[in-house]
Amino acid sequence: MGSLSIWHWLIVLLIVALVFGTKKLRNIGGDLGGAVKGFKEGMRDSETPASSDQQRELPRNGTVDVDAKEKPRSNEG
């Protein structure tokens, strides 16, 4: 029992096409592709909020207006 040759795969593909029909196979392929695309977008969207929380957008002119607060000093020593 060796591995399957190209002829075996062609016969399997022909039988699958006869059983399901080419239109149904095309629809299944489209649905599977849409599911993979949706999964990739979902993974990309789940990564975006974590990085946007860490970095804030800077104004276009490059300056940032911030009020500095003095750090409280501890009286150790």
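Residues numbered from 1 in each chain as written. Predicted model: local features only at pLDDT ≥ 70, side-chain atom pairs only at ≥ 80, totals over all residues. Heavy atoms only, no water.

> For this particular structure, what's the right way to read the overall build of the protein chain?
Each helix and strand counted, the protein chain has 2 helices and 0 strands in total. Counting only carbon and sulfur atoms, one obtains 58% of the accessible surface of the protein chain, whose full area is about 8,200 Å². (Helix = DSSP H or I, 4+ residues; strand = E, 2+ residues; numbered from the N terminus. Areas by Shrake-Rupley, 256 points an atom, 1.4 Å probe, with all protein chains shown as cover.)

> What should I look at first to understand a nonpolar patch on the surface in this one?
Among the surface-exposed residues, Leu4, Trp9, Ile11, Val12, Ile15, Val16, Val19 and Phe20 lie close enough to one another that they form a single nonpolar patch of about 770 Å² accessible area. Relative to the helices and strands, valine 16 resides in helix α1 (residues 6-20). Look at valine 16 and you get partly exposed, because its relative accessible area is 30%. (Patch = residues over 30% accessible without salt bridge, like charges linked within 9 Å, V, L, I, M, F, W, Y side chains within 5 Å. Salt bridge = Lys/Arg side-chain N within 4 Å of Asp/Glu carboxyl O. Buried < 20%, exposed > 50% of the residue type's maximum accessible area, 1.4 Å probe, protein only.)

> What exactly am I supposed to notice about α1 here?
Because the α-helix completes a turn every 3.6 residues, residues three or four places apart line up on one side. For α1, spanning 15 residues, the distance from its first C-alpha to its last is 21 Å, which sits close to the expected 21 Å at 1.5 Å a residue. Counted residue by residue, α1 has 0 buried out of 15 residues, so it is predominantly exposed. Positive phi shows up at glycine 21, right after α1, with a value of about 85°. (Expected span 1.5 Å × (residues − 1).)

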